[in-house]
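Structural description and commentary
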Amino acid sequence: MRENTNLAALLWDESYLWGIWLYDALLKTDISFKLIQSKDLKNIHKYKVLFVPGGWAKNKFQRIGTNGADLIKKFIKDGGIYFGICGGAGLATIEGIGIVNIKRKKDRVPGFSGPVKVAFYDHSLWINIKNPEFYLWWPSEFLVNDKNIKVLASFNDYCDGAFSSDIPASDFEGHWNELESIYGINLNPKKMKDAPIMIETEYGRGKVFLSLIHFDTPLNSDGLKVFKNIKSLFELSDFSHSNTFVDSINNKPGNTESLFHLIQHISEQIKTFILFGERNFLWFKRYPFMYQWRRGIRGFEYINLHYMIDRIFTEIKEHPLNYREFINSALTQISSELKSFLSESRELLIRERIALQKEKITYNLCNDYEINLLRDKLFGKTKSYGGRYKELIEKIDEILFLLLKSKLE
């Protein structure tokens, strides 16, 4: 039985950078919420809205399992509200846990990212929002054939700053056919014209909102307006600012100095690595919150590491630590593993950079035997990644979860 509550929950598992974005957006719009993991879904009845951030829908499903899926379904059937963004939207589809009768389009434009113009359909989510600029980040595409599903927004056009794969869209208008024949994938953003990118439907006594739009994109004022409308529409409670995150005893230099130096050292490792990629023209910073990388390498994974470690560094520097002993032990292990991982990744990127000069390569297609060995070792064989990267990012993620959760307590 769902409790009468105006609180929200953010399901953190398998979200990483996307989880940080949604966490910050909810804080900025004063929405009261708790940070939860799959193991906490047994108490989902305590909340009114379940926010599910971006990420790989398949990985999210594997993490929550069939029991977690059943708990989410019951939560919505009993009157709860599910709000999924990008991968969190994909989790709710037929190919995920089956809440919404939507499939994801196979013949899509797989590499689109950046700002877009959207067409709105009448809904209170769009109050006080006119001619907005929202963001998509490598979304799937919905196939909507169910008359009970209401389309709230569709793709209209891309804006300056958008990319398709590693191609600046505005610079190559009129050359898509040639580029698609070279890349072997759909690239022309115009093929997304009128595609649904946000929908609403009912499930039992509850509601489901699935959005390919990242309203949580940092520095996007229009996106924050949507969250304010969400807060008003669902009558969510205000976030309490009584916890100022200051604890003079915990923050005495003698208690945190060694831990601070440890995370500082880890942060310097990843920053040095990012600079290595920049000077080798493998990626560049598009925005303060996002990079762009060359097709053929695993760019997002490295960028994900960079931003997550940077956030841990910020949290340790600015806020008290309720889990100091665990975090110190975990960071010590991460420091060693990261050094080894980045060393092998550097070797992989050097080999990939050379290969890019000789042939077309993708994240999983290359004729170089040594490259394939390193790729399998570091990232596994699937696009949603595994290998040593998965082991490392999960350890980093657990620390970040504890730090961010403690700020809400």
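Our subject is the structure listed above.
Residue numbers here run from 1 along each chain, matching the order of that chain's written sequence. Only residues with pLDDT of at least 70 are given local features in this predicted model, and only at 80 or more are side-chain atom pairs given and counted; all residues enter the totals for whole chains, interfaces and linings. For the side-chain quantities, the full set of heavy atoms in the structure was used; hydrogens and water were omitted.

With respect to the side chain of Asp222
Numbering of helices and strands runs from the N terminus, with a helix taken as a DSSP run of H or I at least four residues long and a strand as a DSSP run of E at least two residues long. Mapped onto the fold, Asp222 is located in helix 5 (residues 221-233). Any two residues whose heavy atoms approach within 4.5 Å at even a single point are treated as in contact. Ignoring any residue separated from it by four or fewer positions in sequence, one finds Asp222 in contact with Ile129, Pro132, Glu133 and Phe134.

Focus on the side chain of Thr201
Mapped onto the elements, Thr201 comes out in strand 12 (residues 196-203). Excluding its chain neighbours within four sequence positions, the residues that come into contact with Thr201 are Val100, Asn148, Ile149, Gly206, Lys207 and Val208.

Thoughts on the layout of surface pockets
Using a grid of 1 Å spacing that covers the protein atoms alone, one calls a set of points a cavity when a 1.4 Å probe fits there but cannot get out, and a pocket when the set is open and has protein on both sides within 12 Å along at least five of seven lines; lining residues are those with an atom within 4 Å of a point. Grid points are joined across faces, edges and corners, and a volume is the space filled by probe spheres set on the points. In this structure, the largest pocket occupies an estimated 1200 Å³ of space. Lining the largest pocket are 42 residues, and of these Trp56, Arg108, Pro110, Trp138 and Lys383 sit closest to its centre. Those elements giving two or more residues to the lining of the largest pocket turn out to be helix 2 (57-77), helix 3 (87-91), strand 15 (290-293) and helix 7 (299-318). Here the lining of the largest pocket gets four residues from one element, more than from any other, and that element is helix 7. Looking at side-chain class alone, the lining of the largest pocket contains 15 nonpolar, 14 polar and 13 charged residues. We call Asp, Glu, Lys and Arg charged. Ala, Val, Leu, Ile, Met, Phe, Trp, Tyr, Cys and Pro are nonpolar, and the rest, Gly among them, are polar.

A word on the pairing of strand 7 (residues 134-137)
Residue alternation in strand 7 divides its side chains into two sets, Phe134 and Leu136 and Tyr135 and Trp137, and both sets are buried. When strand 6 (residues 112-120) meets strand 7, the two strands line up antiparallel, connected through four bridges. Directly across from Val116, in strand 7, lies its bridge partner Phe134. Categorising residues by exposure relies on relative accessible area from a 1.4 Å probe, with only protein chains included: less than 20% of the type maximum marks a residue as buried, more than 50% marks it as exposed, and the intermediate range marks it as partly exposed. Strands are labelled as partners when DSSP assigns at least two bridges between them.

Re the pattern of salt bridges
Any carboxyl oxygen of Asp or Glu within 4 Å of a side-chain nitrogen of Lys or Arg constitutes a salt bridge here. For the coordinates displayed, the defined rule picks out 25 salt bridges. With a closest N to O distance of 2.7 Å, Lys74 and Asp78 form a salt bridge. Classification of Lys74 as partly exposed rests on a relative accessible area of 43%. Notably, a salt bridge pairs Glu352 with Arg375, separated by 2.8 Å at the nearest N-O pair. Of the two residues, Glu352 is situated in helix 8 (residues 324-358) and Arg375 in helix 9 (residues 369-379); the sequence distance between them amounts to 23 residues. When its relative accessible area of 6% is taken as the criterion, Arg375 is described as buried. If you follow the salt bridges from partner to partner, you end up with Asp13, Glu14, Arg63, Lys390 and Glu394 in one network.

Looking at the state of the cysteines
Where two cysteines share a covalent bond between their sulfur atoms, that bond is called a disulfide. The disulfide criterion used throughout: a pair of cysteine sulfur atoms within 2.5 Å. Under the counting rule described, the total for this entry stands at zero disulfides. Free cysteine: Cys159, not disulfide-bonded; nearest cysteine sulfur from Cys86 at 17 Å. Judged by its relative accessible area of 8%, Cys159 falls in the buried class.

Side note on the packing of aromatic side chains
Here a pair means two rings of Phe, Tyr or Trp (six-membered ring of Trp) with centres within 6.5 Å. Their orientation is stacked below 30 degrees between planes, edge-to-face above 60, and tilted elsewhere. On inspection of all chains with the given rule, the structure shows 39 aromatic pairs. On the basis of an interplanar angle of 25° and a centroid distance of 6.0 Å, the ring pair of Phe83 and Phe209 is categorised as stacked. One end of the pair, Phe83, is in strand 4 (residues 81-85); the other, Phe209, is in strand 13 (residues 206-211), with 126 residues separating them in the sequence. The buried category is assigned to Phe209, whose relative accessible area is 1%. Seen in terms of ring centroids, Tyr287 and Phe289 are 5.0 Å apart; in terms of plane orientation they differ by 0°. Their pairing is stacked. According to the relative accessible area criterion, Phe289 is buried, its value standing at 8%.

Focus on the packing of helix 7 against helix 8
Only the stretch in contact is used when fitting a helix axis, every axis being a line fitted to C-alpha atoms; angles between N-to-C directions are given from 0 to 180 degrees. As a packed pair, helix 7 and helix 8 sit with axes 13 Å apart at the nearest point and diverge in direction by 150°. Taken together, the axis directions place helix 7 and helix 8 in an arrangement best described as roughly antiparallel. The crossing of helix 7 and helix 8 is left-handed. Each of Tyr302, Leu305, Ile309 and Ile316 in helix 7 lies in contact with helix 8, whose residues at this interface are Ile327, Leu331, Leu338, Phe341, Ser345, Leu348 and Leu349. Residue composition of the contact of helix 7 with helix 8, by class: ten nonpolar, one polar and no charged. Here the angle decides the label: under 35 degrees means roughly parallel, over 145 means roughly antiparallel, 65 to 115 means roughly perpendicular, and every other value means oblique. If you view the pair so one helix is near and one far, a crossing is left-handed when the near helix is turned anticlockwise from the far one by less than a right angle, and right-handed when it is turned clockwise.

Honestly, it's all geometry; don't read function into it.
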